[in-house]
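Spelled out, the chains give:
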Amino acid sequence: MTVTLGSGAGLDRVTRVAFVAACVAIVIAGVRSASSIISPFLLAAFVAGVSLPMLDWLRRLGARTALAVVAVVLLNAAVLSFFGWIVLESFTELRLALPSYVERWQVLEAAMRIRLVALGVDPGPNYYDTLAQPGRLLELATAAARNVTSVLSLSLLILLYLVFMLAESVAFPDKWRTVFGQHSQGISGATTVLKQLQRYLVLKTAISLATGTAIGIGASLLGVDFALFWGFLAFVLNYIPSIGSFIAAVPAVLIALLQFGPGRALGLAAVYLGVNVVLGNFADPILVGRQLRLSPIVVLMSLVFWGWTLGITGLFLAVPLTIALRIVMQGSDSLSRYAALMGPIDNGPALDRVRQWSGQYTAVGSRDTSAER
């Protein structure tokens, strides 16, 4: 039995919704199973979005496309190499300093146990023994070093993808116009989406860089070990909204606690809080703008969904992917009302479409009510 999907298929609304939901579920399952292949490609697209302004700047200066692409790729390779050096150097120093940190942690454990016993709480003699075992911590540091090696190999794959993406970004618009015509609506819509998404990526990278620099300087002034690494970690995790800054602060404050005690640890926590309040709550909304902002619940749902679908890569790219989806939906007459639910409603064509749909919906509801009467 063959069913033709179309206007004459006779499918009711519930059946169509169920069919679309089944298709979406199949696509999501496919993306999740292929996340190890898709994730490097998406990360390369992220780096390409940040690098395109520099590529365009070099081409406007008169550089040939091939030379401009090579220059941008080499610059990205230098940045990734610098990040890799920071991580490897920090892990090497951590392994050397690990015994002293374990000793200080055990002293803190003993003091904490004495206070608990004084309060009438006795957790038992073996309760704290597993928290700071040198052998277990050394295994964790070694496993982290192995993960760093895998990340470096992933960086090489990202750079390879980046070469082809940057080269294709120059020729693709001309190819599209040749195939679909000079006044194709597809190329103008895609250009709008890419420009707005690129603007978000560049601004978010600048804010993350300012965050990492401020954290690194603050940790250095307080004398905390691995200050350069804490700045790098704050820069990277700032791409993960809401929870990224908290995750970046925990190990740094813990090291400050072991190194200096609670006073300096609270000082470093205040640095993290001040930087994220200023840059996250004031600079970010002003620079990014309302059109590229998402409501908190949408951010949370995007973190859960993309993190579940793509793993750690999905956490970093959750907001850019969701913003791209919202921009595409804003340009559609039938989907703009759903895009309005994902964030602030803008004064412009998107808002006009939402009001027009709302008016039509109200009019249809009024006619239906009159007919029932």
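1. Points about the overall build of the chain
No. 1: Within the chain one finds 12 helices and 0 strands.
No. 2: Along the chain, helices (α) and strands (β) appear in the sequence α-α-α-α-α-α-α-α-α-α-α-α when read from the amino end.
No. 3: In the chain, buried positions account for 34% of the 373 residues.
No. 4: Restricting the contact set of the chain to residue pairs at least 6 apart, pairs at least 24 apart contribute 68%.

2. Remarks on a nonpolar patch on the surface
No. 1: Taken together, the side chains of Met 54, Trp 57, Leu 61, Leu 75 and Val 79 define a hydrophobic patch exposed on the protein surface, amounting to about 470 Å² of accessible area.
No. 2: Going through the elements one at a time, helix 2 (35-60) and helix 3 (65-118) are the ones with two or more residues in the nonpolar patch.
No. 3: Tracing the sequence through the fold places Trp 57 in helix 2.
No. 4: For Trp 57, a relative accessible area of 46% gives the class partly exposed.

3. Some remarks on the packing of aromatic side chains
No. 1: The tally for this structure, following the rule as stated, stands at 13 aromatic pairs.
No. 2: Between the aromatic rings of Phe 226 and Trp 230, the centroid separation amounts to 6.3 Å while the plane-to-plane angle is 80 degrees, which identifies the pairing as edge-to-face. Comparing Phe 226 with Trp 230 shows no difference in burial state: the two are buried.
No. 3: Ring plane angle 75 degrees and centroid distance 5.0 Å describe the contact between Phe 305 and Trp 306, whose orientation is recorded as edge-to-face.
No. 4: An aromatic cluster is built from Phe 46, Phe 82, Phe 83, Trp 85, Phe 91, Tyr 101, Phe 226, Phe 229, Trp 230, Phe 232, Phe 235 and Tyr 239, whose rings are joined through pairwise contacts.
No. 5: Taking NZ or CZ as reference, Arg 264 lies 4.1 Å from the ring centre of Phe 260, over its face.

Procedures and definitions
Residues numbered from 1 in each chain as written. Predicted model: local features only at pLDDT ≥ 70, side-chain atom pairs only at ≥ 80, totals over all residues. Heavy atoms only, no water. Helix = DSSP H or I, 4+ residues; strand = E, 2+ residues; numbered from the N terminus. Buried < 20%, exposed > 50% of the residue type's maximum accessible area, 1.4 Å probe, protein only. Contact = heavy atoms within 4.5 Å. Patch = residues over 30% accessible without salt bridge, like charges linked within 9 Å, V, L, I, M, F, W, Y side chains within 5 Å. Areas by Shrake-Rupley, 256 points an atom, 1.4 Å probe, with all protein chains shown as cover. Salt bridge = Lys/Arg side-chain N within 4 Å of Asp/Glu carboxyl O. Phe/Tyr/Trp six-rings, centres within 6.5 Å; stacked < 30°, edge-to-face > 60°. Lys NZ or Arg CZ within 6 Å of the ring centre and 35° of its normal.

Spatial relationships are all this shows, so hold off on functional conclusions.
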